[in-house]
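Residue strings, one per chain:
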Amino acid sequence: MHLTKPTLLLLALAISASCVSATPHQNLLEDVWHDLGHAGQAFAEGLIGIHKNGSAIADDFFGSLHNSTSEFANQAAEYAHRIADAVHRAVGQGLGEFASVLRAAVEGLQRSIDRVSNLAKRQTLNSALATLQTIETANSDLKKAVESINQQITQKKLQYAKEIQANWYDWDNYQLERVDNQTDGEGLQEAEEIINELRNRYASYLQSCIQELQTRHALFEQNVHQTVSGLRNSTDDLMGQIDVCLKLTTAPITCRRGIRQALQPLKSAPRELLNLKLQGVRLMVVGLSASGCVGQTLIDHELEKPSVERELDEIIWRYQESRASTAVDSSVSSDSGSNSE
């Protein structure tokens, strides 16, 4: 079994996004690189940049690296799924917490401004308030978009599952039953081999599609998580400067300078959040449309059905020809026996 590119990406993503704790030894990285080739090199290099936070996932993961490459490959998809799921939960929590921080900051600042009499200081605080309100709106839009993406991906997976059940397994069973009935069971084994080959081949294609979609989704969520985390820190810095400004009874110039500096990292925040929302829209269009990987795989399977049906018809035809030939031979033998008498 070989590690797929999406799985490698997910594993590297998982480690960086989860900030797991581990410090792989250089010889271990060299072994991974040697076993996995060029793709493993990129993965191994990604491991070097990991950070600490004591994640149990990391302990399990790096422990598995001491096993054979085969065992590592068999477990890769499981680790990828676990870490992608962890990133997913972190994104939801991060967006929710950031929304709460922004709401509290906006409401608190509105109340505080009403009590400020200095005009210059009020203008400075109103500028900060306007920025926070804009970021709050953009974060709310992004949060809704992420939730919508997750719902649509789940719904699409359920839809594909139903299509696979109807178009694959029901069709498989019908074809096998048809061959079984029309060959008195003699052609069933050959038919099963043909059907199983088709099913396994397309199941492999679908697995690659799902891994690719999972990778795209996880990478998108990692971008969201990193961006929101950075904005959360900058917002905390701004609130600290606002608190200092409110405590100053004079020095409006100092107040303005401090808040302007704190606002600088947040100037691009609305645009960054909007860009993430647009990335999510593109993810759905590319990953979930009928022309996407899963949809195309289902179409290709449907197009290959007639050729498989012709192979099964050939099995039935051969059996019927053989049976007809046997019947003729039996008839001839019977006639010869009667004539000799």
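To start, this report covers the structure provided alongside it. Bear in mind the structure is a predicted one, so any value in this text is a computation, not a measurement.

With respect to the helices, strands and loops of the structure, cysteine 255 is situated in helix 7 (residues 252–263). Those residues in contact with cysteine 255 that lie beyond four places of it in its chain are Lys121, Thr124 and Cys245.

Turning to helix 7, a few remarks are in order. Helix length check: helix 7, at 12 residues, gives a terminal C-alpha distance of 16 Å against a target of 16 Å (1.5 Å per residue), a fit within 8%. If you follow the buried residues of helix 7, they end up packed against helix 5 (119–182) and helix 6 (188–247).

Turning our attention to the nonpolar core. Ranked by internal contacts, the top residues of the largest apolar core, which has 38 residues, are Leu238 and Ile259. Contributing elements (two or more residues each) for this core: helix 4 (69–114), helix 5, helix 6, helix 7 and helix 8 (269–288). The biggest single contributor to this core is helix 5, with 10 residues. Dropping the residues within four chain positions of it, leucine 238 is found in contact with Ala128, Leu132, Ile259, Ala262, Leu263 and Leu266. In terms of nonpolar packing, the next biggest core, distinct from the first, is built from 19 residues, Trp171, Val179, Ala191 and Leu206 among them.

On to the packing of aromatic side chains. What the rule picks out here adds up to 2 aromatic pairs. Aromatic side chains tyrosine 202 and tyrosine 205 sit 5.1 Å apart centroid to centroid with 80 degrees between the ring planes, which places their arrangement in the edge-to-face category. Placement of the pair is tyrosine 202 and tyrosine 205 together in helix 6, with a separation of 3 residues, close to one helical turn. Under the relative-accessibility criterion, tyrosine 202 is labelled buried at 5%. Taking the relative accessible area as the measure of exposure, tyrosine 205 reaches 39% and is therefore partly exposed. Here a set of aromatic residues connected by ring pairs shows up, and it is made of Trp168, Tyr202 and Tyr205.

Rules used throughout
Residues numbered from 1 in each chain as written. Predicted model: local features only at pLDDT ≥ 70, side-chain atom pairs only at ≥ 80, totals over all residues. Heavy atoms only, no water. Helix = DSSP H or I, 4+ residues; strand = E, 2+ residues; numbered from the N terminus. Contact = heavy atoms within 4.5 Å. Expected span 1.5 Å × (residues − 1). Core = buried A, V, L, I, M, F, W, Y, C linked by side-chain atoms within 4.5 Å. Buried < 20%, exposed > 50% of the residue type's maximum accessible area, 1.4 Å probe, protein only. Phe/Tyr/Trp six-rings, centres within 6.5 Å; stacked < 30°, edge-to-face > 60°.

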